[in-house]
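Chain residues, written in single-letter form:
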Amino acid sequence: MIAGILPKIAGSLGVTPAAVGQLVTVFAFAYALSSPIFTALSGHMKRSTVLIGSMAIFTVANVIASLAPSYGWLMGARILLAFAAGLYVPGANALAGALVPQERRGFAIAIINVGLTVAIALGVPLGTWVAATLSWRMTFVGVAILSVIAVGGLLVGLPKNIGAHLPVASLGERVKVAKQPAILVTLLVTTLWATGAYTMYTYLALFLHQVTGIQGARVGYVLFTWGVAAGVGVLFGGRMADRFGPRHIIIPCLLVGGLSFVSLSLTAHYVPQALALIPVVVAVIAWGVTHWGFYPGQQARLMGIAGLRLAPIALSLNASFMYLGFSLGAAVGSLVIVYGKVANLGWVAAAFEAASLSVMLVISRKE
């Protein structure tokens, strides 16, 4: 949500856009560090209790964010949000992947993650519109309300003993799994992929304003387009991973995703502002489809490497490394806009995607 309302928060709290971008950096970094720790510490608890409890904490954190009197309070709320999300998301992914046959694993994970893309498709533009017409604080109020509804859905829909058979590893076991070369290198692919994406995504509102001239609610329309494309991508990626194998969806997604970032910077540098919107939207669509098309394939690949018993560990680590990449990407993006040009965000993002693709090509030759 921060990407769409970043300029509003900066103006309201009297800080720079780069400082607001650090709300993404800190959230992602807190998620990356806390997720494996909290998942391990909650291993003795029922899966339904963990999911419901983490969603309830998420609700409270959004209320705090909506009332934050200063940048520091908002930062604290973002950290609490990260703790809650870092506990919820890996648990939901592991549960989905373990409750279905192997041949449907990719699509099951895609179903969980399509929620993220629907949130982007609907929530980000709606949040941008609310911020433009009311205030950025009301966007957090809206998310808090939706979170209350989610808690109700979990209370009604989750059997109390669901996932009771799933093993939950200790923190030491997680570290041991992460040390396995095949898993560690695969996590590097995830980190580089995520870093490239968030180098651009965190500051997409600024990029769109400078390159195309649009701002406010119109930025939300572009983010809506990205979200719809992402929803298509995550479902398509899950299906293709099941049908052809993860490798055959991961490599094309990284390639096309990198080219979409190149296209964005090419447009920023060489296309007049009056003509830039269409090529930017086309690149954003390609980026959305391939970015989330990659994810279920990568999840399924990790589950295949780790095996079903260690799959929850591998998926939790993948989420941590993904959010580590998001954190690095937001930080790298802030450096680009402070010391360079917003138009150069695409070049830097593409470089990280190229690095991710290169690592994937090297390791996939051995398979």
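Our subject is the structure listed above.
What counts, and at which threshold
Residues numbered from 1 in each chain as written. Predicted model: local features only at pLDDT ≥ 70, side-chain atom pairs only at ≥ 80, totals over all residues. Heavy atoms only, no water. Helix = DSSP H or I, 4+ residues; strand = E, 2+ residues; numbered from the N terminus. Rg over C-alpha atoms; globule rule 2.2 N^0.38 Å. Buried < 20%, exposed > 50% of the residue type's maximum accessible area, 1.4 Å probe, protein only. Contact = heavy atoms within 4.5 Å. Axes fitted to C-alpha atoms, helices over the stretch in contact; angles between N-to-C directions. Parallel < 35°, antiparallel > 145°, perpendicular 65-115°, else oblique. Left-handed = near helix turned anticlockwise from the far one by under 90°. Expected span 1.5 Å × (residues − 1). Phe/Tyr/Trp six-rings, centres within 6.5 Å; stacked < 30°, edge-to-face > 60°.

For the rest of this paragraph, the subject is the overall build of the chain. Across its full length, the chain carries 14 helices and zero strands. Ordered by position in the sequence, the α and β elements of the chain form the string α-α-α-α-α-α-α-α-α-α-α-α-α-α. Here the C-alpha radius of gyration of the chain, 19 Å, is about what a compact globule of 367 residues would show, namely 21 Å. Evaluated residue by residue, the chain yields a buried proportion of 55% over its 367 residues. For the chain, contacts bridging at least 24 residues in sequence account for 85% of all contacts bridging at least 6.

With respect to the helices and strands, the residue Ile162 is situated in the loop between α6 (136-157) and α7 (171-178). Take Ile162: its relative accessible area is 18%, and that puts it in the buried class.

The next thing to look at is the packing of helix α11 (residues 247-270) against helix α14 (residues 345-364). Remark: α11 packs on α14, axes separated minimally by 8 Å, with the N-to-C direction vectors making an angle of 160°. Here α14 runs roughly antiparallel to α11, going by the angle between their axes. In this structure, the crossing between α11 and α14 has a hand that is left-handed. Across the interface between the two elements, Arg247, Ile250, Ile251, Leu254, Leu255, Gly258, Phe261, Val262, Ser265, Leu266 and His269 from α11 touch Leu345, Gly346, Trp347, Ala349, Ala350, Glu353, Ser356, Leu357, Met360, Leu361 and Ser364 from α14.

Before going further, it helps to spend a moment on helix α1 (residues 2-13). An ideal rise of 1.5 Å per residue puts 16 Å on 12 residues; α1 reaches only 14 Å between its terminal C-alpha atoms. Residues of α1 that are buried: Ile2, Ala3, Gly4, Ile5, Leu6, Ile9, Ala10 and Leu13. Just downstream of α1, Gly14 is the residue with a positive phi angle, here 70°.

For the rest of this paragraph, the subject is the packing of α11 against helix α12 (residues 277-306). The relative placement of two packed helices comes down to the angle between their axes together with the axis-to-axis distance. Look at α11 against α12: their axes get within 8 Å of each other, and the N-to-C directions meet at 155°. In terms of their interaxial angle, α11 and α12 are classed as roughly antiparallel. For α11 against α12, the interelement crossing comes out left-handed. Contacts between α11 and α12 pair Ile249, Ile250, Cys253, Leu254, Val256, Gly257, Ser260, Phe261, Ser263, Leu264 and Thr267 from the former with Pro279, Val280, Ala283, Val284, Ala286, Trp287, Thr290, Gly293, Phe294, Gly297, Gln298 and Arg301 from the latter.

Okay, the environment of Ala119 next. By secondary structure assignment, the location of Ala119 is in helix α5 (residues 105-133). The spatial distance from the C-alpha of Ala119 to the C-alpha of Gly231 is 9.5 Å, given a sequence separation of 112 residues.

Applying the stated rule across the entire model yields 14 aromatic pairs. With a centroid separation of 5.9 Å and 15° between ring planes, the pair formed by Trp193 and Tyr295 is classed as stacked. One end of the pair, Trp193, is in helix α8 (residues 181-201); the other, Tyr295, is in helix α12, and 102 residues separate them in sequence. We classify Trp193 as buried; its relative accessible area is 1%. Ring geometry for Trp226 versus Trp287: centroids 5.5 Å apart, planes at 70°, classification edge-to-face. Of the two residues, Trp226 is situated in helix α10 (residues 217-244) and Trp287 in helix α12; the sequence distance between them amounts to 61 residues. For the pair shown, Trp226 and Trp287 are each scored as buried.

Any functional reading would require information beyond the geometric quantities listed.
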